[in-house]
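Topology and contacts: notes
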Amino acid sequence: MGNGEAFFGTLYGNIPAELALYIHIPFCEARCSYCAFNTYVGQRARVPAYVRALQAEMRLAAEALPRVPVSSVYFGGGTPSLLAVDELGALLETCADAFVLIPDVEITLEANPERLSPRDFRAWRALGFNRVSLGMQSAREDELRLFRRTHTLADVRAAVEAARAAGIPSLNLDLIYGVPRQTPAAWRESVQAALALAPDHLSLYSLGVEEKTLLHKQIARGRVPPPDPDLAADMYELAEELLARAGYRHYEISNWARDGHACRHNVHVWRNRPYLGLGAGAHGNVAGARYANLRRPSDYIARVAAVAAGDARSTLLAAPAAEEIAALTPADVYAETVILGLRLTEEGIAPCAFAARFGRDLWTLYGAQLRRLLAWGLLEQSDKGRLRLTPRGRLLANRVFVEFV
Amino acid sequence: MDQSHIRNFCIIAHIDHGKSTLADRMLQLTGTISERDMQAQVLDDMELERERGVTIKASAVRMQYTAADGETYEMNLIDTPGHVDFAYEVSRALQACEGAVLVVDATQGIEAQTLANLYMALEHDLELVAVVNKIDLPAAQPDEVAQEIEDLIGLDAADVLQVSAKTGENVPQVLEAIVRRIPPPKGDRAAPTRALIFDSHYDSYKGVIAYVRVFDGVIRRTDTLRMMSTDTELEPVEIGIFNPHMQPTDSLSAGEVGYIATGLKTVRECRVGDTVTLAEGGAPEPLPGYKQAKPMVFAGFYPADNDDYDALRDALEKLQLNDASLVFEPETSQALNFGFRVGFLGLFHMEIIQERLEREYGLDLVATSPSVEYQVVLRNGDVIVITSPADLPDESEIAEIREPWMFIEIFSPEEYIGAIMELVTGRRGEYVSMEYLDAKRVLLKYRIPLAELIVDFYDRLKSVTRGYASLDYHFDSYRPERLVKLDVLVNKQPVDALAMIVHEDEAYRKGQKLVSRLKRLIPRQLFEVPIQAAVGKRVISRANVKALRKDVLAKCYGGDVTRKKKLLEKQKKGKKRLKMIGNVEVPQEAFMAVLRLNDDD
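1. Description of the overall build of chain A
Scanning chain A from terminus to terminus reveals 16 helices and 16 strands. A globule of 405 residues ought to have a C-alpha radius of gyration of about 22 Å, and chain A, at 21 Å, matches this closely. Its C-alpha atoms give chain A principal-axis dimensions of roughly 55 × 55 × 45 Å. Per-residue burial for chain A yields a buried fraction of 59% across its 405 residues. Excluding contacts between residues fewer than 6 apart, the proportion of contacts in chain A whose partners are at least 24 apart in sequence is 72%. When the accessible area of chain A is evaluated, it comes to approximately 16,100 Å², of which 50% is carbon and sulfur surface.

2. Quick notes on unusual backbone geometry
All names here are of chain A. The peptide bond linking Gly77 to Gly78 adopts the cis configuration, its omega dihedral lying at 15°. Along the chain, Gly78 falls in the loop between β4 (69-77) and α3 (85-98). The phi dihedral of Gln137 falls on the positive side, at around 70°, and the residue is not glycine. Not every positive phi belongs to a glycine, and Asn272 is a case in point at roughly 55°. Structurally, Asn272 is set in the loop between α10 (264-270) and β11 (275-278). A residue is classified by how much of its surface remains accessible, and Asn272, at 2% relative accessible area, is buried.

3. As for helix α7 (residues 184-196) of chain A
For an α-helix, 3.6 residues make a turn, and residues three or four places apart therefore share a direction. The first and last C-alpha atoms of α7 of chain A sit 18 Å apart over 13 residues, in line with the 18 Å expected at 1.5 Å per residue. Taken together, the buried positions of α7 of chain A are occupied by Ala186, Trp187, Ser190, Val191, Ala193, Ala194 and Leu195 of chain A.

4. Focus on the interface of chain B and chain A
A common measure of how large an interface is: the accessible area buried when the components associate. In this complex, chain B contributes 28 residues to the contact, which on the side of chain A involves 41 residues. Both faces considered, chain B and chain A share a buried interface measuring about 3,300 Å² in area, 53% of it formed by carbon and sulfur atoms. On inspection of chain B and its partner chain A, the count reaches seven salt bridges. Asp230 of chain A is the salt-bridge partner of Arg524 of chain B, the closest N and O atoms lying 2.8 Å from each other. Counting every contact that joins chain B to chain A gives 14 residue pairs in polar contact (both at pLDDT 80 or more).

5. Quick look at the environment of Leu92 of chain A
Residues and elements named next belong to chain A. If you trace the backbone, Leu92 turns up in helix α3. Leu92 sits in the buried class, given a relative accessible area of 8%. Considered as a pair, Leu92 and Tyr366 are 274 residues apart in the sequence and their alpha carbons are 42 Å apart. What Leu92 contacts, discounting residues up to four positions off in sequence, is Phe75, Ile107, Leu127 and Phe129.

6. A few points about the environment of Asn285 of chain A
Residue and element names in this part refer to chain A. When you line up the elements, Asn285 lands in strand β12 (residues 283-286). With 53 residues separating them in the primary sequence, Asn285 and Val338 have C-alpha atoms 16 Å apart. Aside from chain neighbours lying at most four places away, what touches Asn285 is Tyr12, Asn272, Pro274, Tyr275, Arg290, Tyr291 and Leu328.

7. A word on the nonpolar core
Core analysis: the largest hydrophobic core is formed by 116 residues, its most contacted members being Phe75, Phe121, Leu134, Leu276 and Tyr300 of chain A. In terms of residue count, helix α2 (residues 47-64) of chain A provides more of this core than any other element does, nine residues in total. Core analysis: the next-biggest nonpolar cluster, separate from the first, contains 53 residues, Leu363, Val376, Met406 and Tyr416 of chain B among them.

8. Remarks on helix α1 (residues 19-29) of chain B
All names here are of chain B. Along α1, eight of the eleven residues are buried, which leaves the element largely enclosed by surrounding structure. Elements that come into contact with the buried residues of α1 comprise β1 (6-13), β2 (60-66), β3 (72-78), β4 (99-105) and α6 (171-181). A positive backbone phi angle near 70° is found at Gly31, which sits one or two residues after α1.

9. Structural notes on the domain arrangement of chain B
All names here are of chain B. In terms of domain boundaries, chain B breaks down into domain 1 (3-181), domain 2 (194-278), domain 3 (297-368), domain 4 (375-481) and domain 5 (484-596). Once you take the C-alpha centre of each, domain 3 and domain 4 turn out to be 25 Å apart. With six residues of domain 3 at the contact, the number on the domain 4 side is six residues. For the pairing of domain 3 and domain 4, the buried interface totals around 480 Å² over both sides, and the portion due to carbon and sulfur atoms is 59%.

10. Section: the sheet that holds strand β6 (residues 161-162) of chain B
Residues and elements named next belong to chain B. With respect to topology, six strands assemble into an open sheet ordered β2-β3-β1-β4-β5-β6, the strand pairing being mixed. A strand with exactly one partner marks an edge of an open sheet, and here the two such strands are β2 and β6. Here strand β5 (residues 127-133) pairs with β6 via two bridges, running parallel. Within β6, the residue paired with Val132 across the bridge is Gln162. Seen against the sheet, α6 touches β1, β2, β3, β4, β5 and β6 and runs at an angle of roughly 170° to β5.

11. Describing the pattern of salt bridges
Taken as a whole and judged by the stated rule, the model has 55 salt bridges over all chains. Among the ionic pairs, Arg140 of chain A bridges to Glu189 of chain A, the shortest N-O distance being 2.9 Å. Of this pair, Arg140 of chain A sits in the loop between β6 (131-137) and α5 (141-147) while Glu189 of chain A sits in helix α7, and the two are 49 residues apart along the sequence. Overall, the relative accessible area of 23% leaves Arg140 of chain A in the partly exposed class. When its relative accessible area of 37% is taken as the criterion, Glu189 of chain A is described as partly exposed. One salt bridge connects Asp216 of chain B with Arg194 of chain B, and the closest N-O pair in it is separated by 3.5 Å. Placement of the pair is Asp216 of chain B in strand β8 (residues 207-216) and Arg194 of chain B in strand β7 (residues 194-203), with a sequence separation of 22 residues. In this structure Asp216 of chain B comes out as buried when scored by relative accessible area, which is 14%.

12. A look at the packing of aromatic side chains
A complete count under the given rule lists 23 aromatic pairs over all chains for this structure. Ring plane angle 20° and centroid distance 6.0 Å describe the contact between Tyr22 of chain A and Tyr74 of chain A, whose orientation is recorded as stacked. Note that Tyr22 of chain A is positioned in strand β1 (residues 19-25) and Tyr74 of chain A in strand β4, a separation of 52 residues in sequence. Tyr74 of chain A matches Tyr22 of chain A in its accessibility class, with the two residues each being buried. These aromatic residues form a ring-pair network of at least three members: Tyr177, Trp187, Tyr236 and Trp256 of chain A. Of note, Arg213 of chain B hangs over the ring of Phe215 of chain B, and the distance from its end group to the ring centre comes to 4.2 Å.

13. Some words on the confidence of the model for chain A
One rule of thumb: low pLDDT means the predicted coordinates there are not for detailed reading. Residues and elements named next belong to chain A. Summarising the model, chain A shows a mean pLDDT of 94, and 98% of its residues fall at 70 or more. Here helix α1 (residues 4-8) is the element of chain A with the lowest mean pLDDT, 45, and α7 is the one with the highest, 98. Counting interchain partners and residues more than four positions distant, the pLDDT-below-50 stretch residues 1-6 has nine contacts.

14. Focus on a nonpolar patch on the surface
Residues and elements named next belong to chain B. A grouping of Tyr431, Met434 and Tyr436 is seen on the molecular surface, where their side chains present a nonpolar patch of about 310 Å² in accessible area. Tracing the backbone through its elements, the reader meets Tyr436 in strand β24 (residues 430-436). With relative accessibility at 45%, the residue Tyr436 sits in the partly exposed group.

15. Examining the sheet that holds strand β10 (residues 225-227) of chain B
Residue and element names in this part refer to chain B. Pairing within the open sheet is antiparallel, and its eight strands lie in the order β11-β10-β16-β7-β8-β15-β12-β13. Both outer strands of the open sheet, β11 (232-234) and β13 (246-249), are each paired with one neighbouring strand and no more. Averaged over all pairs of adjacent strands, the angle between their axes in this sheet comes to 40°, without regard to strand direction. Inspection of the sheet shows strand β12 (residues 238-242) paired to strand β15 (residues 257-261) by three bridges, in the antiparallel sense. Following the sheet pairing, Gly240 is matched in β15 by Tyr259.

16. A closer look at the packing of helix α9 (residues 417-425) of chain B against helix α11 (residues 457-464) of chain B
Residue and element names in this part refer to chain B. Between α9 and α11, the least distance of the axes is 9 Å, while the angle of their chain directions is 160°. Classified by the angle between their axes, α9 and α11 sit roughly antiparallel to one another. With respect to the hand of their crossing, α9 and α11 are arranged in right-handed fashion. Residues Ala419, Ile420, Leu423 and Val424 of α9 pack against Phe457, Arg460, Leu461 and Val464 of α11. Here the contact of α9 with α11 is built from residues that sort into seven nonpolar, no polar and one charged.

17. Some points on the pairing of strand β16 (residues 275-278) of chain B
Here is the key point about a regular strand: its side chains alternate between the two faces of the sheet. All names here are of chain B. Side chains Thr275 and Thr277 of β16 all project onto a buried face; the interleaved residues Val276 and Leu278 project onto the opposite face, where all are buried too. Bridge analysis of β7 against β16 gives two bridges, and the strand direction is antiparallel. The residue bridging Leu196 from the neighbouring strand is Thr275, located in β16. Across three bridges, β10 lies against β16 in antiparallel orientation. The partner of Arg226 across the bridge, within β16, is Thr277.

Cut-offs applied
Residues numbered from 1 in each chain as written. Chains lettered and ligands numbered in written order. Predicted model: local features only at pLDDT ≥ 70, side-chain atom pairs only at ≥ 80, totals over all residues. Heavy atoms only, no water. Helix = DSSP H or I, 4+ residues; strand = E, 2+ residues; numbered from the N terminus. Rg over C-alpha atoms; globule rule 2.2 N^0.38 Å. Buried < 20%, exposed > 50% of the residue type's maximum accessible area, 1.4 Å probe, protein only. Contact = heavy atoms within 4.5 Å. Areas by Shrake-Rupley, 256 points an atom, 1.4 Å probe, with all protein chains shown as cover. Expected span 1.5 Å × (residues − 1). Buried area = accessible area lost by both parts, 1.4 Å probe. Salt bridge = Lys/Arg side-chain N within 4 Å of Asp/Glu carboxyl O. Polar contact = N/O pair within 3.5 Å; in protein donor to acceptor, adjacent residues only side chain to side chain. Core = buried A, V, L, I, M, F, W, Y, C linked by side-chain atoms within 4.5 Å. Domains from an automatic or database assignment. Pairing = 2+ DSSP bridges. Axes fitted to C-alpha atoms, helices over the stretch in contact; angles between N-to-C directions. Phe/Tyr/Trp six-rings, centres within 6.5 Å; stacked < 30°, edge-to-face > 60°. Lys NZ or Arg CZ within 6 Å of the ring centre and 35° of its normal. pLDDT = per-residue confidence, 0-100. Patch = residues over 30% accessible without salt bridge, like charges linked within 9 Å, V, L, I, M, F, W, Y side chains within 5 Å. Parallel < 35°, antiparallel > 145°, perpendicular 65-115°, else oblique. Left-handed = near helix turned anticlockwise from the far one by under 90°. Nonpolar A, V, L, I, M, F, W, Y, C, P; charged D, E, K, R; others polar.

Below is the structure:
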């Protein structure tokens, strides 16, 4: 075990020496109409080289870091389930080799619920994946068509069944609300369809219309009505009610889980702890800096190869493929800790924990902002001083966060 | 040069009728400027003017022209501003001349301002050389336009020159006509010196440069001079002529046009229209017609960022160096903090100043809606003058409010008469008369409150007549009217910068429009915000901006906290540009909402 103290330095404060890994798989079979992520269609042929680059990047990053334990590995995308089982296997093997995975490490795979066979789930389980996140998005055909998703509700049902049969211990479903033309009744239908599948975790995302997406164009041209934010707020509140009744805990603005099933990876990020982002366009936060990798897979592959060959070097050794690196100041870290921490709706930010971590008093740093937000009813304070978003504050979280930037 | 060989003239033309192009051709033909140095439209110095295709400030240039009679003449072309707001400057430029070249577009015919300037030229006894321009265009109707000129001002259509300034066709004839038809100046070089200042500009090395036409006597570089209206004495830094750039000379004699570099620090000490004489043995009487330019339109200018207050003051001071008609004084608004009440000759003048502040000085401005100068008679008999609705005393103290009315003339093809009538009467205008200029064109005359004129009247006129109508206006009189102050309350708090003075009969309609417009412009806040329009204590319109319910970033990809922070920073920056009224954030556009109240939407 390496020296965790030296790696974390004082910037991250007094926290467990633990790292999370995010591995980005930027390939998709088709592009969803709302997607503004770093994803590419029709580059299946590039996958083998990309997998090799990821393995090389892991080794380079691990060499630059002390051997701290890794508590979660998250394969996000894109569509990680596009990778062949042996490709995923090779990546996990390198992971386990380069880093120190803790015994009960959480390993998540994001999967597209389409053309998945029970065999896929069994194979993933055998490789060590213990959490699968399915992009269900909606139970309704009209919405799935608007999203340009090619799966059906039946596909989702089959995938969930297969995952359970394979013994995947933690299963998440993603849903999207605030969709153009979506009625509260339609939303209720999707939530209830998801609940009927008894997932361990639910992520409910408000549809964001991002520039340069098909949906943005359709709205700009008047072919699709823009989402109604007030209706989206109603839907959020409806979901809060339905999920609470079904026994899910609302532990983050967009996330609900059964006891013991909160996503460890995301909680780690929201607690503002260091994580490595691996792959094209991945973001990470290690060694006192936030960084973003080169976005285009071809650039990323070439850069990793050059660094591995000693022909190039990143100023942040742990991020050999970084395109942008921003060093963090203590003030950045304090603000990010508050902003990210308040997303955790149950945990929030506890001044005593903040003081224990940074040796700074939260109220001295942000007294004016906190008083304002409490007065506006966007934050609330427990008996022990813990600060959390109020139900209204969850819907107006930007108004809270903007006070700290 | 002896006076018989001098010709002083100006060009009268409507915007886009080809004044600058014709001037360029003359400069080329007389060799004043070489082909190589030919910068399109030399007379229009400023970038802004070129873009707008109008001349804001007058300028002058001297040409040497050898005429058909073999003699060489000194021809002084004095440029005139092309917009109605600068009528007084035009009159001073005309006074400096013995003749004028009237330029009319062969495809458009004569326009309202041209006619107004033409009448002004006739009042000054100027000899006219009429020119129909753009005969190269397929749509040109030179004979019809020449006939129109004959009908309007009695010049023989046969004497109207038909030219194309663009191709140069027949332009030499214009120069010949200037020599033959425009009389030479008849000043007395032995009389006490009198020179008319017809324009000025500020030069950071030589101080204010006065553009002068010498009527009597001589000005020498070594003379001590006196400005007759301000009694300012000065020793010129330099005197000279425009050739076309400033070229020093030793003297300027009666009949000549040139400049005096005064060394003065502001154009206010050297006013357009004033007479320059010698400090010793000066003229007993100034030249006639001097008056001080009077601002008619007022608006509050506030820096969008309060930190720019000093920069705004500096910029206004710099603009004032060149513009004696620009006045300003500090003003405080509850909503907009510290700024200035700025006075302008007209709306066009205001637009130019605003644009220059933003473009040349990089300032981000919030301008309140423009106001006129009201005379308020109080119950105790006092009369006060206000230029801002915020300054209107309480209703109970007011006996009467008087507002300025203008006399306007509109030229238009006859098919738009109905639309123009509707526009003018919808703005409290009073019909005066209508004359047919020819079978298709009419001249409409009205009286209308200036307050109605300055709020996008010109744009509306252009729009209802598809750009064919032209407008001229001048002050008519002050009239008592049933005027009331329309207050706007945001979250129950009156907003001084949004108050306006309106006619009682219009209060309800304007109040409703303003409220519905503000409802759209004011973003949703954390709480519900009522917006009300009120006259006195009576609320006449109300709307609510609903409380904001949702403002949250959805999923962020792969832990991209940086992007999320950037979005929050953008949001924060956007908030900084909002003005706080109480605890309501109001965008800057809201303060201009009043300007668009007459749109049909």
